[in-house]
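# Examination of the molecular architecture
Okay, here's what each chain looks like letter by letter:
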Amino acid sequence: MTVRKKPLVVVTRRLPDTIETRMRELFNARLNLTDEKMSREALAEAVKTADVLVPTVTDRIDRELIEAAGDSLKLIANFGNGVDNIDVEAATARKITVTNTPGVLTEDTADMTMGLILAVARRVPEGARVIPEGNNAWPGWSPTWMLGRRIWGKRLGIIGMGRIGQAVARRAKAFGLQVHYHNRRHVDPAIEAELEATYWDSLDQMLARMDIISVNCPHTPATYHLLSARRLKLIRKDAVIVNTARGEVIDETALAKMLDAGEIAGAGLDVFEHEPAVNPRLVKLAKNNRVVLLPHMGSATIEGRIDMGEKVVVNIRAFMDGHRPPDRVLPSML
């Protein structure tokens, strides 16, 4: 009886223990025990030797790396929902299959989106810092102290009405927000009716009328700086922006300037254009309680990370068994 050789699977970052253990059981898994981001040189070596690469959003798998890959590399099983860190077209040209982990982060990211909306509108981080500062920093209750904004009855404009956008809309409806959205196309009429959502084919027109704007679309060439300096100027001065999608969707420099000038009331950002670097102007604004900044925590739940890892394992096993992986990504899908 011939025993099939286990594929060499290179994992670029630490994953939950249960997932790493399962990978060691099923594959010849080369794990990153330090959890340090792999260098360009280490990634180049990985694609030359691996049968399967398991990268994350922090790894840039571009055309140059893919074209230098060895003949053994047949699958890039991304540990993440988005694939903007991978040149899918170049991989497809080399007959390298690309997969992702869609669906499992929907509820977690939607929770964080609502959390940021509340945090910005009600000044939650600012209030949370008062008592720990001590020295009588809290003068006691007052009718005019720490006033925020009510979200009930406000208009929420969702950019990108996919799984996460719809999950945000369901939460927003429960909070009494009026749901509006811009998408490449109308969502299913039944879903639109359930959410009592208003569709805008013109993003410009929607932006000018919203109290809160939530970015929930993926980063693609078409959505790079979708919220450009021109579009940001359409937003009302008393409106706020929340982004839990990708930092590249917003012109971050223009946003920082407008927030600093008081041309936009506030922002809650979980993602940044040049992660892990953050615009110094945004950092200064956060210190002055003008914006809320989080370190890309939207999907950071134990359950979510395990679910992601299980999807990666399923995609690898299906591919190695000669089947089409359930979460294959094609250039035409982007």
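Since the structure is predicted, the reported quantities are computational estimates derived from the model, not experimental observations.

## Some points on the sheet that holds strand β9 (residues 212-215)
Taking strand neighbours across the sheet as the criterion, the seven strands line up as β8-β7-β6-β9-β10-β11-β12 in an open arrangement whose pairing is parallel. Of all strands in the sheet, those with a lone pairing partner are β8 (198-199) and β12 (291-293), marking the two edges.

## Examining the side chain of T113
Relative to the helices and strands, T113 is located in helix α5 (residues 106-121). Take T113: its relative accessible area is 0%, and that puts it in the buried class. Within polar-contact distance, the side chain of T113 engages the backbone oxygen of T109 at 2.9 Å.

## A closer look at the pattern of salt bridges
Counted according to the given criterion, the structure contains 20 salt bridges. Here R170 ties to E194 by a salt bridge, and the two come within 2.9 Å at their closest N and O atoms. Of this pair, R170 sits in helix α7 (residues 163-174) while E194 sits in helix α8 (residues 189-195), and the two are 24 residues apart along the sequence. Among the salt bridges present, the one from K311 reaches D327, with a minimum N-O distance of 3.4 Å. Here K311 is found in helix α13 (residues 302-320), whereas its partner D327 is found in the loop between α13 and β13 (328-329), with 16 residues between them in sequence. Residue K311 is classed as partly exposed on the basis of its relative accessible area of 24%. Several salt bridges converge on common partners, so that one network encompasses R14, D17 and E20.

## Quick word on the pairing of strand β11 (residues 266-269)
What you see with β11 is no split at all: G266 and G268 on one side and A267 and L269 on the other are buried throughout. Taken together, the four bridges between strand β10 (residues 240-243) and β11 define a ladder with parallel strand orientation. Bridge assignment links I241 to a residue of β11, and that residue is A267. You can see the chain leave β10, run along helix α11 (residues 252-260) and come back into β11, and the turn it takes is right-handed. Judged from the three bridges that link them, β11 and β12 form a sheet pairing that is parallel. Considered in β12, the bridge of L269 is made with L293.

## With respect to the nonpolar core
I159 and L232 are the most contacted members of the largest nonpolar core, which totals 31 residues. Counting residues per element, the ones that place at least two in this core are α9 (203-207), β9, α11, β11 and α12 (280-287). Residue contributions to this core peak at five residues, all from α11. Apart from the residues lying within four places of it in its own chain, the contact partners of I159 are H182, L203, M206, L207, I213, S214, V215, N216, C217, L226 and L227. In this structure, L116, M161, L177 and V179 belong to the second largest nonpolar core, which totals 29 residues.

## Some points on the sheet that holds strand β3 (residues 52-54)
Two modes of strand pairing occur in sheets, parallel and antiparallel, and in both the strands are linked by backbone hydrogen bonds. Strands sit in the order β2-β1-β3-β4-β5-β13 across an open sheet of six strands; the sheet is mixed. Across the chains shown, the open sheet's two edge strands, defined by having one partner strand only, are β2 (28-30) and β13. Pairing of strand β1 (residues 8-11) with β2, which is carried by three bridges, proceeds in the parallel orientation. Within the sheet, the bridge partner assigned to V10 lies in β2 and is R30.

Conventions and cut-offs
Numbers given to residues run from 1 along each chain, matching the order in which its sequence is written. For a predicted model such as this one, the threshold for reporting local features is a pLDDT of at least 70, and the threshold for listing and counting side-chain atom pairs is 80 or more; totals across whole chains, interfaces and linings nevertheless cover every residue. With hydrogens and water stripped out, all remaining heavy atoms of the structure feed into the side-chain values. Two strands make a pair as long as DSSP finds a minimum of two bridges between them. Think of it this way: any DSSP run of H or I at least four residues long counts as a helix, any run of E at least two long counts as a strand, and we number them from the N terminus. Categorising residues by exposure relies on relative accessible area from a 1.4 Å probe, with only protein chains included: less than 20% of the type maximum marks a residue as buried, more than 50% marks it as exposed, and the intermediate range marks it as partly exposed. The term polar contact refers here to a pair of N or O atoms within 3.5 Å; inside protein, the definition further demands a hydrogen-donor-capable atom paired with an acceptor-capable atom, and it admits residues adjacent in sequence only when both atoms are side-chain atoms. Salt bridge, as used here, is a side-chain nitrogen of Lys or Arg placed within 4 Å of a carboxyl oxygen of Asp or Glu. With the strands pointing away from the viewer, any crossover whose connection runs clockwise from the first strand over the helix to the second is right-handed. We call a set of buried residues a nonpolar core when its members are Ala, Val, Leu, Ile, Met, Phe, Trp, Tyr or Cys and they connect through side-chain atoms within 4.5 Å of each other. Here a residue-residue contact requires only that any non-hydrogen atoms of the pair lie within 4.5 Å.

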